[in-house]
Amino acid sequence: MADPTGFLKYDREEPSKKSHEERLSSWGEVYADVDPGERNEKVRKQASRCMDCGIPFCHSGGSGCPLGNLIPEWNDLVRRGDWAAASDRLHATNNFPEFTGKLCPAPCEAGCVLSISPLSGGPVSIKRVEQTIADQSWEAGYVQPQVSEVASGQRVAVVGSGPAGLAAAQQLTRAGHEVTVFERDDRLGGLLRYGIPEFKMEKKVLDRRLAQLRKEGTRFVTGCEVGVDLSVEDLRAQYDAVVLAVGALRGRDDTTTPGRELAGIHLAMEHLVPANKFVEGDGPPSIDARGKHVLIIGGGDTGADSYGTATRQGALSVTQLDQYPTPPSTRDDERSPWPTWPYILRTYPAHEEAGERKFAVAVKRFVGSPEGRVTAVELQQVRVQKDPVSGRREVIPVNDEVETLPADLVLLAIGFEGVEEMPLLSGLGLSLTRRGTLSCGADWQTETPGVFVCGDAHRGASLVVWAIAEGRSVANAVDAFLTGASDLPAPVHPTALPLAVV
């Protein structure tokens, strides 16, 4: 069993990072290279802090990991140094632990029992343990192709190669189906490839997992927009089932602030995609922050990704704006009681490197040059409140004071509105919900028979761990649809939601 006093013996420790100078001079990942033996010994101590609780909220789908990762089990295996068994238990529930280990914000840690009180020293560093198991699995050769010994004779098309589509494809291939993944971009990975910067996850991590899928038998077609390059009629004729994992990439825009039409104001993804293509070797980006004052509107993950990208491109300054007040540094039990996801200030590595953040402010007006290009923004202090009648969110200036900031490049990272309009959807007879997503029944099947949906296309923009969970679950549904029953795991129901205070 686990060591119930381990958290008293060892403090929580984060992995060491490279210096700011080294990080800003390179697109590589921010964490320092460590000898594997030294890394494993440190992580064994971190895993020893796990108490193997009677009710492990860390892998509860509502308050912790939607994949149902067997966290106490592999924590104890790591504590004992049994890395091979830990790898088996981790991969039993997660197709891509190196993706979640690098990119997931770790709701499991928010649900850890050691998160109840700061006196515990903080939750178990589950994400670090997971990442180390994944790294050790590749280094020791534990990760091998799992080729199905049977062939169902059934063909499945997966549209989209993000984490949801890849998880569904791998599960269905291993079940013996002939799976083809269609990707409209020139490279595979979806947002993992062109949305996530290299400094958060180097693309060689993605490429080695794609190589495993290929060896297992999954077929990939890039540069193919289904519904355009491949007609819907041909799609339905050639495949027995279709999985839509097309994401929710329709970015939210600001259409009300005066000056939005000025050149130099872009949605954040318009900046991130060419920046990632540049790192892939495709030439200079079409939108470059070099030598510019950069303003980022929006305080979430996408904003932080644009922040770190702009600093690495050589921006003169980077300022990130958030309409809400500075969050507290520790959990407010009245607002977000354990084990819900806490509302706290989240500082990404990019924020440590350069630039600044401003809270409780909003842009009053974008200021432009005579040539029609943005040169500055006018800011006001604001408060956000709900209209008592309509319930809509309102942003109200708190005074008449205006602050002017130079801005040669403005990036809007204010969220996503759902699935993009595409010929594929109309060709399949599908329409979007009011939330901009695709609905489905309890079996993950849309209103068009034989067509299934998963990931952000169904849930809306969400976490990588939810995408993988939905991909695994839709694979179970497709397998049952094709064969009458399925032994594949289905960690989440289509209506599943994380535990939250309403």
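As the structure is a computational prediction, the values presented were derived from the model and not from experiment. (Residues numbered from 1 in each chain as written. Predicted model: local features only at pLDDT ≥ 70, side-chain atom pairs only at ≥ 80, totals over all residues. Heavy atoms only, no water.)

## Notes on the side chain of Lys203
What counts is decided by this rule: The secondary structure listing takes helices from DSSP runs of H or I that are at least 4 residues long and strands from runs of E that are at least 2 residues long, numbered from the N terminus. Throughout, exposure labels follow a simple rule: accessible area from a 1.4 Å probe, protein chains only, divided by the maximum for the residue type, with under 20% read as buried, over 50% as exposed, and the rest as partly exposed. Throughout, a contact is declared for two residues whenever any of their heavy atoms are within 4.5 Å.
Mapped onto the secondary structure, Lys203 falls in helix H11 (residues 203-216). Lys203 gets classed as buried once you look at its relative accessible area, which sits at 4%. Setting aside residues up to four positions removed in sequence, Lys203 forms contacts with Leu192, Arg193, Ile196, Pro197, Glu198, Asn276 and Glu280.

## Overview of the nonpolar core
Heads up, the rule is: Throughout, nonpolar core names a set of buried Ala, Val, Leu, Ile, Met, Phe, Trp, Tyr and Cys residues whose side chains join them through atoms within 4.5 Å. Boundary definitions for the domains trace back to an automatic or database domain assignment.
Val156, Met201, Val243, Phe452, Val474 and Val478 are the most contacted members of the largest nonpolar core, which totals 44 residues. Of all the secondary structure elements, the ones that give two or more residues to this core are helix H6 (97-103), strand E1 (155-159), helix H9 (163-174), strand E2 (178-183), H11, strand E4 (241-244) and helix H18 (464-483). At 11 residues, H18 tops the list of elements feeding residues into this core. Counting only domains with at least three residues in this core, you end up with domain 1 (6-16 + 34-140) and domain 2 (155-249 + 417-483). Among the nonpolar cores identified, the runner-up in size contains 23 residues, and Met422, Leu428, Leu430 and Val453 belong to it.

## A closer look at the UniProt feature "domain: FAD/NAD(P)-binding" (unreviewed entry) in the protein
What counts is decided by this rule: UniProt positions are given in the numbering used here, feature names are shortened, and annotations may be inferred rather than shown by experiment.
Those places that UniProt annotates as "domain: FAD/NAD(P)-binding" (unreviewed entry) correspond, in this numbering, to residues 155-326 and 383-471. Between the C-alpha atoms that bound residues 383-471 there is a distance of 39 Å. The span itself is 19% helix and 26% strand.

## Considering H9
Within an α-helix, residues lying three or four positions from one another point in the same direction, as the helix has 3.6 residues per turn. The test is simple: By this rule, a helix spans an expected 1.5 Å times one less than how many residues it contains.
Taking 1.5 Å of rise per residue, the 12 residues of H9 would be expected to cover 16 Å, and the 16 Å separating its terminal C-alpha atoms lies within 8% of that figure. Extensive coverage of H9 is indicated by the burial of 11 of its 12 residues. On its buried face, H9 sits against E1, E2, helix H10 (191-194), H11, strand E3 (219-222) and H18. Following H9 by one or two positions, Gly176 has its phi on the positive side, about 105°.

## Here we look at the pattern of salt bridges
Our working definition: Criterion for a salt bridge: a side-chain nitrogen of Lys or Arg within 4 Å of a carboxyl oxygen of Asp or Glu.
For the structure shown, the criterion picks out 32 salt bridges. A salt bridge links Glu41 to Arg44, with the nearest nitrogen and oxygen atoms 3.1 Å apart. Residue Glu41 and its partner Arg44 are located together in helix H3 (residues 36-47), separated by three residues, close to a single helical turn. Judged by relative accessible area, Arg44 falls into the partly exposed class, the value being 27%. Here Arg79 makes a salt bridge to Asp76, at a shortest N to O gap of 2.8 Å. With a gap of three residues between them, Arg79 and Asp76 both fall in helix H4 (residues 71-79), about one helical turn apart. For Arg79, a relative accessible area of 21% corresponds to the partly exposed category.

## What about the packing of H9 against H18?
Rule in force here: Every axis corresponds to a line fitted to the C-alpha atoms, with the helix fit spanning only the stretch in contact, and the corresponding angles, defined between N-to-C directions, vary from 0 to 180 degrees. Helix crossings are classified by the rotation of the near helix relative to the far one: an anticlockwise turn of less than a right angle makes the crossing left-handed, while a clockwise turn makes it right-handed. Residue type decides the class: Asp, Glu, Lys and Arg count as charged, Ala, Val, Leu, Ile, Met, Phe, Trp, Tyr, Cys and Pro as nonpolar, and the leftover types, Gly among them, as polar.
Where H9 meets H18, the closest approach of the two axes is 7 Å, and the angle between their N-to-C directions is 35°. Of the two elements, H9 crosses H18, and the hand of that crossing is right-handed. Every residue of H18 that contacts H9 at Pro163, Ala164, Ala167, Ala168, Gln171 and Leu172 is listed here: Val464, Ala467, Ile468, Gly471, Arg472, Val474, Ala475, Val478 and Asp479. Residue composition of the contact of H9 with H18, grouped by class: 11 nonpolar, two polar and two charged.

## Considering the domain arrangement of the protein
As a reminder, the rule being used: The term buried area refers to how much accessible surface (probe radius 1.4 Å) is lost by two components on association, counted for both of them together.
What the domain assignment reports for the protein is domain 1 (6-16 + 34-140), domain 2 (155-249 + 417-483) and domain 3 (253-414). Residue-level contacts link 11 residues of domain 1 with six residues of domain 3. Around 640 Å² of area is buried between domain 1 and domain 3 when both sides are counted, 71% of it from carbon and sulfur atoms. Applying the counting rule to domain 1 against domain 3 returns zero salt bridges. Across the side of domain 1 that touches domain 3, the residue classes tally to eight nonpolar, three polar and no charged.

## With respect to H18
With 20 residues, H18 ought to run about 28 Å at 1.5 Å a step, and its terminal C-alpha atoms sit 29 Å apart, in line with that. Counting buried residues along H18, 17 of its 20 residues qualify, which places the element largely inside the surrounding structure. Phi turns positive, to about 100°, at Gly484, one or two residues after H18.

## Remarks on the UniProt feature "domain: Dihydroprymidine dehydrogenase" (unreviewed entry) in the protein
When the UniProt feature table is mapped to this numbering, "domain: Dihydroprymidine dehydrogenase" (unreviewed entry) covers residues 32-140. Note that residues 32-140 is 50% helix and 0% strand, and that its end C-alpha atoms are spaced 20 Å apart.

## Re the environment of Gly372
On the secondary structure map, Gly372 appears in the loop between strand E10 (361-368) and strand E11 (374-386). Judged by relative accessible area, Gly372 falls into the partly exposed class, the value being 28%. Expressed as a C-alpha distance, the spacing of Gly372 and Gly283, which sit 89 residues apart in the sequence, is 27 Å. Gly372 has contacts with Leu262 and Ala263, leaving out every residue within four places of it along the chain.

## Points about the pairing of strand E7 (residues 293-297)
What counts, and what does not: Strand pairing requires that DSSP identify at least two bridges connecting the strands. We call a crossover right-handed when, viewed with the strands running away from us, the connection from the first strand over the helix to the second turns clockwise.
Summarising burial for E7: four of the five residues are buried, a large majority. Relative to strand E8 (residues 317-322), E7 is paired through five bridges, and the arrangement is parallel. The residue of E8 that forms the bridge with Val294 is Val318. Where the polypeptide runs from E7 across helix H14 (residues 301-313) and back to E8, its parallel neighbour, the crossover connection is right-handed. Pairing of E7 with strand E14 (residues 409-412), which is carried by four bridges, proceeds in the parallel orientation. Across the sheet, Ile296 pairs through a bridge with Leu411, a residue of E14.

## Quick look at the sheet that holds E3
Taken together, five strands build an open sheet; the order of strands is E3-E2-E1-E4-E16 and the sheet is parallel. Taken across any chain shown, the strands that pair with only one partner, and hence form the sheet edges, are E3 and strand E16 (451-453). For this sheet, the mean angle separating the axes of adjacent strands, direction not counted, is 20°. In this sheet, E3 lies alongside E2 in parallel orientation, the contact comprising four bridges. Counterpart to Thr180 in the pairing with E3 is Arg219. Its contacts with the sheet put H9 on E1, E2 and E3, and the angle it makes with E2 is roughly 165°.

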